[in-house]
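Chain residues, written in single-letter form:
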Amino acid sequence: MRLPPRALGPLYVLACAAPLVLAVTRSAAPAATWEIAAAALGMVGLAAMAVQAVTSGRFELVSGRIGIDRVMSFHKIAAWWVLLALLLHPLIYVLPTWLADPGLAWERLRAYLTLPHYRSGVIALAALAVLVPASALRERLPLRYELWRGAHVALSVLALGAGLHHAITVGRFGMVGGMPLLWWGVGAAVVAVLAVLYGWRWAQLHRGAWRLASVTRHPGRMWELDIQPAPGTPELAYTAGQFVWMTEGARRFPLFDHPFSIAGSPARPGLRLIVKQAGDFTDRIGSLPPGTPIGIDGPYGDFTLEAHPADAVLLIAGGVGIAPIMGLLRDLVARGDRRPVRLAYAAGDPAKFACLPEIEAARATLDLEVLLVSEQDAAGWPGEVGRLDHGRLAQLAQGLEPARVVALICGPGAMVTAVSDGLLALGLPMERVIYERFDYAGGTSRIDRRRRRRVMGLGGAVALVIALFVAVMA
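Every residue gets a number counted from 1 within its own chain, in the order that chain's sequence is written. In keeping with the model being predicted, local features are shown solely for residues with a pLDDT of at least 70 and side-chain atom pairs are shown and tallied solely at 80 or more, while totals for entire chains, interfaces and linings include all residues. Working from all heavy atoms in the structure, the side-chain values ignore hydrogens and water.

*Asks:* Sorry if this is basic, but what is going on with the sheet that holds strand 6 (residues 293–300) here?
*Replies:* Remark on secondary structure: sheet strands pair via backbone hydrogen bonds, oriented parallel or antiparallel. Paired strands are those between which DSSP finds at least two bridges. Secondary structure follows DSSP: runs of H or I at least 4 residues long count as helices, runs of E at least 2 residues long count as strands, and numbering of each begins at the N terminus. Overall, antiparallel pairing links the six strands, which are arranged 4-3-6-1-2-5 in an open sheet. This sheet does not close on itself; its edge strands, each paired only once, are strand 4 (258–261) and strand 5 (271–276). Adjacent strand axes in the sheet meet at a mean angle of 40° when their direction is disregarded. As paired strands, strand 2 (residues 222–229) and strand 5 are joined by six bridges and run antiparallel to one another. By the bridge assignment, D226 is partnered in strand 5 with R272. The axes used here are C-alpha line fits, helices contributing only the stretch in contact, and every angle between their N-to-C directions lies in the interval 0 to 180 degrees.

Rendered as structure tokens:
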């Protein structure tokens, strides 16, 4: 079951507003307008923090129809307004005092931050103040990926647990009507999410074991893994272009898994993954011996032709972004697809292109044209030199009707944003330009900016609900 994308926004606003809806139906001790606003910010921020656990938890019900790129974009933006709401929560409580007597306001704020009565709230706020900026700076922190993930989970649990304790014990509306039941229910839901992520999925990684059949080296420090189900493990029902979370050997625990695109077709038994050797876990990929136990969690994602039907297909890869593109191409070959297929593949230099013989062989089955672009030239290089600029994208899409084409792009962030904007300039509708990226460097695309506006619109809707609550309760 997957929720339709249009339902997710209203459901998010409703989830954030749930404590306000419950509070407005019950009487509470009279309070000044600023105090009501501060309480509302705290309740909404806490509810939104709990929702964060779901939006990042690989739940197909929530993310199945919108894709990992959009889910993570929302998760990152929403984290900042959760932090802002909860930072403002104590400050707005003391704002009227500050306007009348700044010295007394400092004393009051110091009491909020130091008295044992409020300690759990301070702990929650401190954990969140570390968690959100550290997540934004993850690429710059000198931490192994697994250590960062463990710290992220620990800080999230600490912030949520301490925040719920604070809401129940000292919240202005904490003892109103069914409010304690609501917060206990939120806590139970978060525990259930953790149990699924790190209990049930841990069991699945061991019960549904896979085995590494072989490892093949490709140019550009890339390795292709052939992974087959162990006896008693069913085949994975996936769609070409999706991805899985993989871990291996004794490390088959969800904190140690990594996302990799499936590079094979469902028509072939087992899984094929193309992985670039880029540090930490991936440095060991090439040395894994055949027979190594593999844990697979998935499939996930909507980077598929089935999710985006069209009369013609543009496949565009940069670097290791060739992995899901090869999965799509191999599946098109396996099905003998008759649609026009145009493939563009870019890399830093000619020595880093993978799977070129197989791409060339696909011409015999498909209506396929291929554009290879290397940033650097080399002796004997038959492809083009430079970047996938507007002219080359126009060459790639020549003869195709933009409204009837779907473009699937995977690669580094800068390349993805430039290519997606280039395709929009050629007339492709936004809903037909689909991408996944393996880093977020290189700015934002027009599609990113439209998504951000929509996410900020949700934030505005939540702010409006808070304003209505204050107006009613004041």
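*Asks:* So what exactly am I meant to see when it comes to a nonpolar patch on the surface here?
*Replies:* Residues form patches when they are more than 30% accessible in relative terms and have no salt bridge. Like charges link within 9 Å. Nonpolar side chains (Val, Leu, Ile, Met, Phe, Trp, Tyr) link within 5 Å. Only the protein chains shown count as cover for residues, and all accessible areas are computed by the Shrake-Rupley method using a 1.4 Å probe. Put simply, a salt bridge is a Lys or Arg side-chain nitrogen that is within 4 Å of an Asp or Glu carboxyl oxygen. On the surface, a nonpolar cluster with roughly 380 Å² of combined accessible area is contributed by W98, L99 and W106. In this fold, W106 is placed in helix 5 (residues 102–114). Of the residues examined, W106 reaches a relative accessible area of 48% and is grouped as partly exposed. Any residue under 20% of the maximum accessible area for its type is buried, any over 50% is exposed, and the rest in between are partly exposed; the area is computed with a 1.4 Å probe on protein chains only.

*Asks:* What exactly am I supposed to notice about the packing of aromatic side chains here?
*Replies:* Two aromatic rings, taken as a pair, are described by how far apart their centres are and by the angle between their planes. Any Phe, Tyr or Trp ring, taking Trp's six-membered ring, that has another such ring centre within 6.5 Å forms a pair; planes under 30 degrees apart are called stacked, those over 60 apart edge-to-face, and the others tilted. Scanning the model with the defined rule gives twelve aromatic pairs in all. For a lysine, the NZ atom is tested; for an arginine, the CZ atom; a charge sits over a ring if that atom is within 6 Å of the ring centre and within 35 degrees of the ring normal. Sitting over the ring of F256, R251 keeps its end group 4.8 Å from the ring centre.

*Asks:* Can you walk me through the environment of P4 in this structure?
*Replies:* Position of P4 among the secondary structure elements: in the segment before helix 1 (5–24). The exposure class of P4 is partly exposed, given its relative accessible area of 38%.

*Asks:* Looking at this model, I keep getting lost on the nonpolar core. Mind explaining?
*Replies:* In a soluble, globular protein the nonpolar side chains are often hidden away together inside. In this structure, Y12 and W183 are the most contacted members of the largest nonpolar core, which totals 53 residues. Within the residue set of this core, elements represented by two or more residues are helix 1, helix 2 (33–55), helix 4 (67–100), helix 5, helix 6 (119–136), helix 7 (145–170), helix 8 (179–207) and helix 13 (446–473). Here the element with the most residues in this core is helix 2; it accounts for 13 residues. It only takes one pair of heavy atoms within 4.5 Å for two residues to be counted as in contact. Excluding residues within four positions of it along the chain, Y12 makes contact with A48, V51, F74, A78, W81, L458 and V462. Counting 35 residues, the second largest nonpolar core, distinct from the first, contains M222, L315, I322 and I325. Here the nonpolar core consists of buried residues drawn from Ala, Val, Leu, Ile, Met, Phe, Trp, Tyr and Cys, with membership extended through side-chain atoms lying within 4.5 Å.

*Asks:* Honestly, the state of the cysteines in this entry has me stumped. Any pointers?
*Replies:* Where two cysteines share a covalent bond between their sulfur atoms, that bond is called a disulfide. Whenever a pair of cysteine sulfur atoms sits within 2.5 Å, that pair is classed as a disulfide. All told, the structure shown has zero disulfides when counted by the stated rule. The structure places no disulfide on C355, whose sulfur is separated from the nearest cysteine sulfur, that of C410, by 13 Å. Judged by relative accessible area, C355 falls into the buried class, the value being 7%.

*Asks:* Honestly, the environment of A15 in this entry has me stumped. Any pointers?
*Replies:* Within the secondary structure, A15 is located in helix 1. Sequence separation of A15 and V51 is 36 residues, and the distance between their C-alpha atoms is 7.6 Å. Among all residues touching A15, those that are not within four sequence positions of it are A47 and V51.

*Asks:* Which parts of the structure should I look at to understand helix 5?
*Replies:* Note that an α-helix has 3.6 residues per turn; residues three or four places apart therefore point the same way. In this model, helix 5 (13 residues) spans 18 Å end to end at C-alpha, consistent with the 18 Å of a helix rising 1.5 Å per residue. Residues of helix 5 that are buried: A105, L109 and Y112. Down the axis, helix 5 shows its buried residues gathered within 55° of arc, on one side only. A helix is expected to span 1.5 Å for every residue after the first. Directions pointing from the helix axis toward each C-beta atom define the arc.

*Asks:* It is not clear to me how the packing of helix 2 against helix 8 should be interpreted in this structure. Could you clarify?
*Replies:* Between two packed helices, both the angle of their axes relative to each other and the distance between the axes serve to describe the pair. For the pair helix 2 and helix 8, the least separation of the axes is 9 Å and the interaxial angle reads 20°. In terms of their interaxial angle, helix 2 and helix 8 are classed as roughly parallel. Considering how the two elements wind past one another, helix 2 and helix 8 form a crossing that is left-handed. Across the interface between the two elements, M43, L46, A47, A50, A53 and V54 of helix 2 pack against M179, W183, V186, V190 and V193 of helix 8. Here the word oblique covers every angle except those under 35 degrees (roughly parallel), over 145 (roughly antiparallel) and from 65 to 115 (roughly perpendicular). A crossing counts as left-handed when the near helix is turned anticlockwise from the far one by less than a right angle, and as right-handed when that turn is clockwise.

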